[in-house]
Amino acid sequence: MPDDDIEIGEDIQVEVVLDENDNVLGTVTDDVVVASAPEGSLVDETIDVRDADGNLIVEDEIVTVYDEDAHVVARSETVTLPIESE
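Report on the accompanying structure. (Residues numbered from 1 in each chain as written. Predicted model: local features only at pLDDT ≥ 70, side-chain atom pairs only at ≥ 80, totals over all residues. Heavy atoms only, no water.)

**A closer look at the sheet that holds strand 4 (residues 56-67)**
Backbone hydrogen bonds hold the strands of a sheet together, and the pairing may be parallel or antiparallel. Taking strand neighbours across the sheet as the criterion, the five strands line up as 1-2-3-4-5 in an open arrangement whose pairing is antiparallel. With one partner strand each, in any of the chains shown, strand 1 (7-18) and strand 5 (72-80) form the two edges of the open sheet. Each adjacent strand pair in this sheet contributes to an overall mean axis angle of 10 degrees, direction not counted. Bridging between strand 1 and strand 2 (residues 24-37) involves 12 bridges; their strand directions are antiparallel. Residue pairing for strand 2: Val16 is matched across the bridge by Thr27. (Pairing = 2+ DSSP bridges. Helix = DSSP H or I, 4+ residues; strand = E, 2+ residues; numbered from the N terminus. Axes fitted to C-alpha atoms, helices over the stretch in contact; angles between N-to-C directions.)

Given below as structure tokens:
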């Protein structure tokens, strides 16, 4: 009978971007979620870039699937840019 244990972990890092006068220009958030099982794992990494007002400038999401031998089986990347409202 196969082992059905799935482990899930998350790591979030936030970096504040400052100008030469230490004024906040924005933030970069790197959020990585990993789900692992004996059959392989899935890694979902999302990077958000926001301006000083908290508005989203760009989001980059990469989802990678690995088999049990840590070989990449599939990978997709989605870059999202917000639509400016008038």
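**Considerations on the pairing of strand 5**
Where strand 4 meets strand 5, eight bridges bridge the pair, whose relative direction is antiparallel. In the strand pairing of strand 5, Ile62 is matched with Glu77. Once strand 4 ends, the chain turns through four residues before running back antiparallel as strand 5, passing Ala70 with a positive phi of about 65 degrees.

**A closer look at the environment of Asp60**
Structurally, Asp60 can be placed in strand 4. Sequence-wise, Asp60 and Glu45 are 15 residues apart; in three dimensions their C-alpha atoms are separated by 8.1 Å. When residues no more than four places from it in sequence are discounted, the contact partners of Asp60 are Glu45, Thr46, Ile47, Glu77, Thr78 and Val79. (Contact = heavy atoms within 4.5 Å.)

**Observations regarding a negative patch on the surface**
Together, Asp4, Asp5, Glu7, Glu39, Glu68 and Asp69 make up a negatively charged patch on the protein surface. Summarising the element assignment, Glu68 is placed in the loop between strand 4 and strand 5. (Patch = residues over 30% accessible without salt bridge, like charges linked within 9 Å, V, L, I, M, F, W, Y side chains within 5 Å. Areas by Shrake-Rupley, 256 points an atom, 1.4 Å probe, with all protein chains shown as cover. Salt bridge = Lys/Arg side-chain N within 4 Å of Asp/Glu carboxyl O. Lys, Arg positive; Asp, Glu negative; His and termini not counted. Charge placed at Lys NZ, Arg CZ, Asp CG, Glu CD.)

**Observations regarding the pairing of strand 3 (residues 40-51)**
Relative to strand 3, strand 2 runs antiparallel, the two sharing 12 bridges. Counted as the bridge partner of Thr27 is Arg50 from strand 3. Here strand 2 folds back onto strand 3, and the loop between the two strands holds two residues. Note that strand 3 and strand 4 share 11 bridges and pair antiparallel. Residue pairing in the sheet places Val43 in a bridge with Thr64 of strand 4. Between strand 3 and strand 4, which pair antiparallel in sequence order, lie four residues; one of them, Gly54, sits at a positive phi of approximately 90 degrees.

**A closer look at the environment of Asp30**
In this structure, Asp30 sits in strand 2. The spatial distance from the C-alpha of Asp30 to the C-alpha of Thr46 is 5.9 Å, given a sequence separation of 16 residues.

Read these as geometric descriptors, not functional statements.
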